[in-house]
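Survey of secondary and tertiary structure
Residue-level listing of the chains:
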Amino acid sequence: VSACWMLVLLCWSVAALGSWWWIPTLDPQVRQARTAGLFEEAQIQYLQGNWLETEYQLARLLDRDPYDVEGMLLLASLLRQTHRFAEAAGWLERLTRLEAAEKWNAEIEHELQLVSAAQAALAEFERQELEKQEPDCDFAGQDPAGAPA
């Protein structure tokens, strides 16, 4: 019986500590304080073309605030820039479901169009490359030396 009460006390303590950490994240000011400077640093790195550092800063930002709309939008743009179109589309679709992202709907839609156009251009390029690599298999009427029969 004593072990059961110890287990209950342990579970209650863990839940209380988790709540102590989680509840303040509902306050936008607390979330902003936890992410201060991360978006700005990611934006600077993005504009300088430092894709890895940008992604690192955005990962830190979204780890601290998983609902940071601007961070998600910049990440989607970064993923498009690095030709990771499926991931970019996934983040953009996630953004379309967030109420906080409504003010960014035009930008989200524009980014979705850019991703779609980039996917289509890549598919066309790959198709053309495959056509270049396929040998002409029309050997009918020729002997093995290549002269017409």
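Bear in mind the structure is a predicted one, so any value in this text is a computation, not a measurement.

1. Regarding unusual backbone geometry
Unusually for a residue other than glycine, His83 sits at a positive phi of about 65 degrees. Note that His83 resides in the loop between α5 (69–81) and α6 (85–96).

2. Focus: the environment of Ala36
When you line up the elements, Ala36 lands in the loop between α2 (28–34) and α3 (38–47). Residue Ala36 is classed as exposed on the basis of its relative accessible area, which comes to 56%. C-alpha of Ala36 to C-alpha of Leu61: the two residues are 25 residues apart in sequence and 8.8 Å apart in space.

3. Describing the side chain of Asp68
By the secondary structure assignment, Asp68 is in the loop between α4 (51–64) and α5. In this structure the side chain of Asp68 is engaged in a polar contact, spanning 3.3 Å, whose partner is the backbone nitrogen of Glu70. With residues up to four places along the chain from it excluded, the contact list for Asp68 reads Leu61 and Leu62.

4. What about the confidence of the model for the protein chain?
Within the protein chain, residue pLDDT values average 85, and 78% of them lie at 70 or more. Here α2 stands out as the least confident element of the protein chain, with mean pLDDT 64; α5 is the most confident, with 97.

5. Here we look at a nonpolar patch on the surface
A cluster of nonpolar side chains, Met6, Leu9 and Trp12, forms an exposed patch at the surface whose accessible area comes to about 380 Å². Relative to the elements of secondary structure, Trp12 occurs in helix α1 (residues 2–22). Residue Trp12 is classed as exposed on the basis of its relative accessible area, which comes to 58%.

6. A few points about the pattern of salt bridges
Applying the stated criterion to the full structure yields 6 salt bridges. One salt bridge in this structure joins Arg127 and Glu124, with 2.4 Å as the shortest N-O distance. With Arg127 and Glu124 both in helix α7 (residues 105–133) and 3 residues apart, this pair spans about one turn of that helix. For Arg127, a relative accessible area of 37% corresponds to the partly exposed category. One salt bridge in this structure joins Glu131 and Arg127, with 2.4 Å as the shortest N-O distance. Note that Glu131 and Arg127 are positioned in helix α7 at a spacing of 4 residues, about one turn of the helix. On the basis of relative accessibility, which here comes to 47%, the residue Glu131 falls in the partly exposed class. Here the residues in one salt-bridge network are Glu55, Arg84 and Glu87, joined through shared partners.

7. A word on the packing of α6 against α7
Remark: α6 packs on α7, axes separated minimally by 10 Å, with the N-to-C direction vectors making an angle of 160 degrees. It follows from the interaxial angle that α6 and α7 lie roughly antiparallel. Pair α6 / α7 crosses with left-handed handedness. Where α6 approaches α7, its residues Phe85, Ala86, Ala88, Ala89, Leu92, Glu93, Leu95 and Thr96 are matched on the opposing element by Ile108, Glu111, Leu112, Val115, Ala118, Gln119 and Leu122. Among the residues making up the contact of α6 with α7, the classes are represented as 11 nonpolar, 2 polar and 2 charged.

Scoring rules and cut-offs
- Residues numbered from 1 in each chain as written.
- Predicted model: local features only at pLDDT ≥ 70, side-chain atom pairs only at ≥ 80, totals over all residues.
- Heavy atoms only, no water.
- Helix = DSSP H or I, 4+ residues; strand = E, 2+ residues; numbered from the N terminus.
- Buried < 20%, exposed > 50% of the residue type's maximum accessible area, 1.4 Å probe, protein only.
- Polar contact = N/O pair within 3.5 Å; in protein donor to acceptor, adjacent residues only side chain to side chain.
- Contact = heavy atoms within 4.5 Å.
- pLDDT = per-residue confidence, 0-100.
- Patch = residues over 30% accessible without salt bridge, like charges linked within 9 Å, V, L, I, M, F, W, Y side chains within 5 Å.
- Areas by Shrake-Rupley, 256 points an atom, 1.4 Å probe, with all protein chains shown as cover.
- Salt bridge = Lys/Arg side-chain N within 4 Å of Asp/Glu carboxyl O.
- Axes fitted to C-alpha atoms, helices over the stretch in contact; angles between N-to-C directions.
- Parallel < 35°, antiparallel > 145°, perpendicular 65-115°, else oblique.
- Left-handed = near helix turned anticlockwise from the far one by under 90°.
- Nonpolar A, V, L, I, M, F, W, Y, C, P; charged D, E, K, R; others polar.

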